[in-house]
Amino acid sequence: MARIVIETTINGRAREIAVKPNQTLLEYLRDELHLTGAVEGCGVGVCGSCTVLVDGRPVSSCLTLATNVEGREVTTIEGLSRGGQLDLVQQAFLEYQAFQCGYCTPGMIMAVKGLLAEFSAQAPTEAQIRDYLSGNICRCGTYAEVLQAVQSLVGRLAPAGSPG
Amino acid sequence: MLPSMEDAPEGFRSLLVETPHPDGPFGAKGVGEAGLGPVAPAIGNAVANALGGARVKDLPIRPDRVLAALRAGPSPSGSGLR
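Residues numbered from 1 in each chain as written. Chains lettered and ligands numbered in written order. Predicted model: local features only at pLDDT ≥ 70, side-chain atom pairs only at ≥ 80, totals over all residues. Heavy atoms only, no water.

**Q** Which residues make up the packing of helix α2 (residues 88-95) of chain A against helix α5 (residues 143-156) of chain A, and what values go with them?
**A** Residue and element names in this part refer to chain A. In contact at an axis separation of 9 Å, α2 and α5 are set at 130 degrees when each is read in the N-to-C sense. For the element pair α2 / α5, the angle class is oblique. In terms of crossing hand, the pair formed by α2 and α5 is right-handed. For the pair α2 and α5, the contacting residues are Leu88, Val89, Ala92, Phe93 and Glu95 in the first and Val146, Ala149, Ser152, Leu153 and Arg156 in the second. Tallied by class, the residues present in the contact of α2 with α5 amount to seven nonpolar, one polar and two charged. (Axes fitted to C-alpha atoms, helices over the stretch in contact; angles between N-to-C directions. Helix = DSSP H or I, 4+ residues; strand = E, 2+ residues; numbered from the N terminus. Parallel < 35°, antiparallel > 145°, perpendicular 65-115°, else oblique. Left-handed = near helix turned anticlockwise from the far one by under 90°. Contact = heavy atoms within 4.5 Å. Nonpolar A, V, L, I, M, F, W, Y, C, P; charged D, E, K, R; others polar.)

See the structure below:
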């Protein structure tokens, strides 16, 4: 099948990539770039384990055609750490042991990145956190720990000038 | 359906009850896999039941293995149903 050449940015690096017209972003990331952090759980956009950021917003990469990221910025779990330092969200997940088997963790962390970005002006309530992350299924049942990790971040990342 | 974060009860606390497993490394025992283990045997039993007791003992249960099991005839362990 003829490939389509698109320009995109993946984890901060501008790239020109040749994608198949029927290839999902998840397939391209995993099979061709070997960025295997995003994983396929359900393949139909229900479980959230393939979540990556596109222009800062979490999307299911299993439902996103690779051609659709033309001119956009894609961030995967591999793109979070800086100079060997884990991202704050990753650190919080470690601190609160917010995972058991780890399969949902990359997607969960990317969803939390989206949550924190979306609620950067006003801290999310517990109900808003639960609602935002309800598209990320954890079969081990570590929701309580994930919630604690996120709440610790919300406390730490309170925007300057906001009360508390 | 799997419960989502919205279904997790409020004030949910995990308590670790330490009962070391004698055969596991450092006393560890897998727990997340408990839901996976029974699935293949359950499907295998259903297939054996449908085949009149001929049992496929290797995964995946492919058509060629089903044919081979049918040719070999009912397994001594039967259909798995009593």
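Now, onward.
**Q** Lay out the side chain of Arg55 of chain B with the relevant residues and their values.
**A** Residue position: Arg55 of chain B is located in the loop between α1 (39-50) and α2 (63-72). A polar contact is formed between the side chain of Arg55 of chain B and the side chain of Asn45 of chain B, at a distance of 3.0 Å. (Polar contact = N/O pair within 3.5 Å; in protein donor to acceptor, adjacent residues only side chain to side chain.)

**Q** If you had to explain α2 of chain A to someone new, which residues and values would you point to?
**A** All names here are of chain A. Within the sequence span of α2, burial applies to Val89, Gln90, Ala92 and Phe93. Looking straight down α2, one finds that the buried residues subtend no more than 160 degrees of arc, so they occupy a single side. Packing partners of the buried residues in α2 comprise α3 (105-118) and α5. Sitting at the amino-terminal end of α2 is Asp87, which places a side-chain oxygen 2.8 Å from the backbone nitrogen of Val89. (Buried < 20%, exposed > 50% of the residue type's maximum accessible area, 1.4 Å probe, protein only. Arc of directions from axis to C-beta.)

**Q** Give me the pairing of strand β3 (residues 51-54) of chain A: which residues, what numbers.
**A** Residues and elements named next belong to chain A. Here β3 shows a buried face lined by Thr51 and Leu53 and a second buried face lined by Val52 and Val54. Hairpin connection of β3 to strand β4 (residues 57-60): two residues between the antiparallel strands, including Asp55 at a positive phi of 50 degrees. Across two bridges, the pairing between β3 and strand β5 (residues 73-75) is antiparallel. Residue pairing for β5: Leu53 is matched across the bridge by Thr75. (Pairing = 2+ DSSP bridges.)

**Q** Give me the lowdown on the nonpolar core, citing residues and values where you can.
**A** Residues and elements named next belong to chain A. Judged by nonpolar contacts, the single largest core of 29 residues is most densely connected at Phe93, Val112, Leu133, Val146 and Val150. Within the residue set of this core, elements represented by two or more residues are α2, α3 and α5. Two domains share this core, each providing at least three of its residues, namely domain 1 (4-79) and domain 2 (88-157). The contacts of Val112, once residues within four sequence positions are left out, are Val89, Phe93, Leu133, Val150 and Leu153. Counting residues in hydrophobic clusters, the runner-up holds 18 residues, among them Tyr28, Cys50, Val52 and Cys62. (Core = buried A, V, L, I, M, F, W, Y, C linked by side-chain atoms within 4.5 Å. Domains from an automatic or database assignment.)

**Q** So what's going on with the pairing of strand β1 (residues 4-10) of chain A? Residues and values would help.
**A** All names here are of chain A. In this structure, β1 lies alongside strand β2 (residues 13-19), joined through seven bridges in antiparallel fashion. Across the sheet, the residue bridging to Ile6 is Ile17, located in β2. Hairpin connection from β1 to β2: two residues lie between these consecutive antiparallel strands, with Asn11 at a positive phi of about 50 degrees.

**Q** Please give an account of the interface of chain B and chain A that cites residues and values.
**A** Taken together, the contacts link 14 residues of chain B with 14 residues of chain A. Each partner contributes to the roughly 1300 Å² buried at the junction of chain B and chain A, and carbon and sulfur atoms together form 60% of this total. There are zero salt bridges connecting chain B and chain A. Counted by class, the side of chain B that touches chain A contains eight nonpolar, three polar and three charged residues. (Buried area = accessible area lost by both parts, 1.4 Å probe. Salt bridge = Lys/Arg side-chain N within 4 Å of Asp/Glu carboxyl O.)

**Q** Before we move on, can you summarise the pattern of salt bridges with the specific residues and values?
**A** Residue and element names in this part refer to chain A. Here the structure, examined in full by the defined rule, presents seven salt bridges over all chains. Arg57 serves as the salt-bridge partner of Glu118, at 3.8 Å between the closest nitrogen and oxygen. Taken together, the residues span a long stretch of sequence, with Glu118 in helix α3 and Arg57 in strand β4 at a distance of 61 residues. Looking at Arg57, the relative accessible area reads 52%, which means it is exposed. Taking the shortest distance from any N to any O, the salt bridge between Glu126 and Arg130 comes out at 2.9 Å. In this pair, Glu126 and Arg130 are both assigned in helix α4 (residues 126-132), four residues apart and thus about one turn of the helix distant. Residue classification places Arg130 among the buried residues on the basis of a relative accessible area of 10%.

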